[in-house]
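The lines below spell out each chain.
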Amino acid sequence: MSRDALFSAEGAASIQRCGSCGAEWPFTLTASACPTCDGLLEVIHPHPAMHGAALLSRFGGRCCTHHGSEASGVWRFRELVMPGEGAVVSHPEGNTPLMHRASIAEYAGVSSLMLKHEGRNPTGSFKDRGMTAAVTHAVRTGATAVACASTGNTSASLAAYAAQAGLPALVFVPEGKVALGKIAQALAYGARTLIVKGDFDDCLRLARESSRELGVYLANSVNPWRVEGQKTIVFEMLQQLGWQAPDWIVLPAGNLGNTSAFGKALRELHALGLITKMPRVLSVQAMGAAPFAHAFDTGFTTHEPVRAATVATAIRIGDPASWDRAVRVIRDTNGAVLAVSDDAILDAKAVIDAAGVGCEPASAASVAGVRAARASGLIGADDSVVAVLTGHVLKDPELVVQYHEQMRPVPPRANKPIPIDATVADVARVLQRT
Ligand SMILES: *Cc1c(COP(=O)(O)O)cnc(C)c1O
Ligand SMILES: [Zn+2]
């Protein structure tokens, strides 16, 4: 097989290929890195037996299924996620709405802005799409325990899928840096929750070493099957758009796993002739955690990790693991990377929340990014744009309450709770002021 081939022969089995040295490994390899050179692995599927419109109508036909794995917005696309027979660990996930809200579009300055709300997944973030694939791979390869490092959502998701599969789960989270809703989920779903004295990057190193030395299945975003599952955000979005690609797809970027997944999805759809236009991918980082944006500004001639600091804990990552994969995505899609301030993220979040949509802080980086790219002229007023909201508003309730009640100076969109006496007169006074 040629080193750059996106698919192998029809009827072959899915394999894992090293993105660095090109070595090919079987489906059953459970190491998350190349055993020869430690490079990142990429899954290569056999070319689907159906082509073009026939394949699209097969995907479409599964949309109305209400039971079994085909009811999932991930497994509906299984030819391009994990073909072949076997157990599937599914909640089901996906089937998230693609929505338009005039107030958010106006704020961003792009009239056709659509929002793909991945916070509507079973555990409240897009991580479920990757986790259903990774835990399914873990079960099919006989894993006895699973582990991940996480800024929170990955551990919430792994905890839920491991519980469903009946596998013990170990999650490594940085002390004091995980939003309340996420740690609550990991505990509730029964994961062994290890609070590490260190940051996310320390957690990832520890999880990788533990997996290598103790033989635990590693379900981090370096796991190539997570990438396979997360590709379906793009598949489902395009299906909802009648397979008409938008000009831009915009997403928040931390560890760069999702950026990598979006690029792989687009490359495959393009190679299969299922889309004719390649959308441009815009990855948005928080200014305090923007090594990838800095590198983009130098044409990717630099690669310097940072000590990350941002209110958006899900993208509080200073040394992204999927770097090389993501560089390729930005190059292949003529994409871009930019950084937005925490103030811009919180302001965009307040607009998204006030529209009744709601999202967690990191998710709002996508809309803040559209607004910044529109202001700089990178995105045109008439461009079609899909921004991905990656997580649910209830993931980080502490920050929401802080923003509206305690932050000084008082943020422009603060919605302060109003103490009143238990009288209708007080209620009337409030109504008058509204
Ligand atoms: C994980 C996550 C991100 C960042 O995705 P990466 O793949 O790490 O770049 C963004 N937002 C939310 C809500 C997340 O959970
Ligand atoms: Zn290798």
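Every residue gets a number counted from 1 within its own chain, in the order that chain's sequence is written. Chains and ligands are labelled sequentially in the order written, the chains with letters from A and the ligands with numbers from 1. Since the coordinates come from a predicted model, pLDDT governs what is reported: local features require at least 70, and pairs of side-chain atoms require 80 or more to be given and counted, while whole-chain, interface and lining totals use all residues. Where side-chain values are given, they derive from all heavy atoms of the structure, hydrogens and water being excluded.

### What about the overall build of the protein chain?
The line we're drawing: The helix count covers DSSP runs of H or I at least four residues long, the strand count covers runs of E at least two residues long, and both are numbered beginning at the N terminus. Taken over C-alpha atoms, the radius of gyration is set against a globule rule of 2.2 Å times the number of residues to the power 0.38. Categorising residues by exposure relies on relative accessible area from a 1.4 Å probe, with only protein chains included: less than 20% of the type maximum marks a residue as buried, more than 50% marks it as exposed, and the intermediate range marks it as partly exposed. We call two residues in contact when some of their heavy atoms are within 4.5 Å. Each accessible area value is a Shrake-Rupley result obtained with a 1.4 Å probe; residue values ignore everything except the protein chains displayed when judging cover. For the charge count, each Lys or Arg is scored as positive and each Asp or Glu as negative, with His and the chain ends excluded. A charge is said to be at NZ when it belongs to Lys, at CZ for Arg, at CG for Asp and at CD for Glu.
Of regular secondary structure, the protein chain possesses 15 helices and 14 strands. For 434 residues, the compact-globule formula gives about 22 Å, and the C-alpha radius of gyration of the protein chain, at 21 Å, lands near that figure. Principal-axis analysis of the C-alpha atoms places the extent of the protein chain at approximately 75 × 50 × 45 Å. Per-residue burial over the protein chain gives 56% buried out of 434 residues. Across the protein chain, contacts joining residues at least 24 apart in sequence account for 70% of those joining residues at least 6 apart. Carbon and sulfur atoms make up 54% of the accessible area of the protein chain, which amounts to about 17100 Å² in all. Taken together, the 39 basic and 39 acidic charged side chains of the protein chain have centroids lying 2 Å from each other.

### Some details on the side chain of S155
Examined against the element boundaries, S155 turns out to sit in helix α4 (residues 153-165). Looking at S155, the relative accessible area reads 2%, which means it is buried. Leaving out residues up to four positions away in the same chain, S155 has contacts with C148, S150, V171, V173 and A186.

### Thoughts on the pairing of strand β13 (residues 336-340)
In plain terms, the rule: When DSSP finds two or more bridges between a pair of strands, those strands are recorded as paired.
With respect to burial, β13 is a largely interior element, four of its five residues being buried. Two strands pair when backbone bridges link them, and strand β12 (residues 280-286) and β13 are joined in this way by five bridges, in the parallel orientation. In the strand pairing of β13, V284 is matched with L338.

### Examining the site of ligand 1
Threshold: Nearness is judged by heavy atoms alone; a residue qualifies as near a molecule or strand once a single heavy atom is within 4 Å of it. Whenever a nitrogen or oxygen atom comes within 3.5 Å of another N or O atom, the pair is scored as a polar contact, on the condition that within protein one atom can donate a hydrogen and the other can accept it, and that pairs from neighbouring residues in sequence are kept only if both atoms are in side chains. Under the grouping applied here, Gly and all other residues not named as nonpolar or charged are polar, the nonpolar ones being Ala, Val, Leu, Ile, Met, Phe, Trp, Tyr, Cys and Pro and the charged ones Asp, Glu, Lys and Arg.
Ligand 1 sits among 15 residues. The nearest are K127, N153, G254, N255 and T390. The separation between an oxygen atom of ligand 1 and a polar side-chain atom of N153 is 2.7 Å. Contacts to ligand 1 include N255, whose backbone N or O atom sits 2.8 Å from an oxygen atom. When ligand 1 is considered free in solution it has 380 Å² of accessible area, and contact with the protein chains removes 97% of it. When the residues that make up the shell around ligand 1 are grouped by side-chain class, the tally is six nonpolar, seven polar and two charged.

### Considering the packing of aromatic side chains
Which entries qualify depends on this criterion: The rule is short: rings of Phe, Tyr and Trp, with Trp giving its six-membered ring, pair when the centres are within 6.5 Å, and they are stacked under 30 degrees, edge-to-face over 60, tilted in between.
Taken as a whole, this structure holds six aromatic pairs when the rule is applied. Taken together, a centroid distance of 5.2 Å and an interplanar angle of 70° make the contact between F27 and W225 edge-to-face. On the criterion of sequence distance, the pair formed by F27 in the loop between β3 (24-26) and β4 (41-46) and W225 in helix α7 (residues 224-230) is long-range, its members being 198 residues apart. Exposure class is identical for F27 and W225. Each is buried. Relative to F77, the ring of F59 has its centre 5.0 Å away and its plane inclined at 70°; by these criteria the two rings are edge-to-face. Here F59 is found in helix α1 (residues 52-61), whereas its partner F77 is found in the loop between α1 and β5 (98-99), with 18 residues between them in sequence.

### Examining the side chain of T232
In this structure, T232 sits in helix α8 (residues 232-240). When its relative accessible area of 0% is taken as the criterion, T232 is described as buried.

### Digging into the sheet that holds β3
Spatially, four strands are ordered β1-β4-β2-β3 in an open sheet, and the strand pairing comes out mixed. The sheet is open, and its two edges are formed by β1 (7-8) and β3, each paired on a single side. For strand β2 (residues 15-18) and β3, the ladder comprises three bridges, and the chain directions are antiparallel. The partner of I15 across the bridge, within β3, is P26.

### Remarks on the coordination of the zinc ion (ligand 2)
Filter applied, for reference: Each metal site lists N, O and S donors within 2.8 Å (3.2 Å for Na, K and Ca). With water left out of the atoms, a site can look as if it is missing ligands. Key to geometry: four donors with every angle between 85 and 135 degrees are tetrahedral; four donors are square planar and six octahedral where opposite donors lie over 155 degrees apart and all remaining angles lie between 65 and 115; all other sites are irregular.
In this structure, C18 (SG), C21 (SG), C34 (SG) and C37 (SG) serve as the protein donors to the zinc ion (ligand 2), at separations of 2.3 to 2.4 Å. For the zinc ion (ligand 2), the four donor atoms are set out with angles of 97 to 116° between them, so the coordination reads as tetrahedral. Counting along the primary sequence, the residues that act as donors to the zinc ion (ligand 2) give the motif C-x2-C-x12-C-x2-C. Judged by relative accessible area, which is 3%, C34 ranks as buried.

### Notes on the sheet that holds strand β7 (residues 146-149)
If you trace the four strands from one edge of the open sheet to the other, you get β9-β8-β7-β10, paired in parallel fashion. Looking at the sheet topology across the chains shown, the edges are occupied by β9 (192-196) and β10 (217-218). The pairing of strand β8 (residues 169-174) with β9 spans five bridges and is parallel. Residue L170 lies in a different strand from β9, and its bridge partner there is R192.

### Thoughts on the packing of helix α12 (residues 342-354) against helix α13 (residues 361-376)
Helix-helix packing is characterised by the crossing angle of the two axes and by the distance between the axes. Note the threshold: Angles run from 0 to 180 degrees between N-to-C directions of axes, and those axes are lines fitted to C-alpha atoms, restricted for helices to the stretch in contact. Our angle categories are set so that under 35 degrees counts as roughly parallel, over 145 as roughly antiparallel, 65 to 115 as roughly perpendicular, and the remainder as oblique.
Running from N to C, α12 and α13 cross one another at 95°; their axes reach a closest spacing of 8 Å. Judged on the interaxial angle alone, α13 and α12 are roughly perpendicular. Counting all contacts with α12, which are made through A344, I345, A348, K349 and I352, the residues of α13 involved are P361, A364, A365, V367 and A368. For the contact of α12 with α13, a count of residues per class yields nine nonpolar, no polar and one charged.

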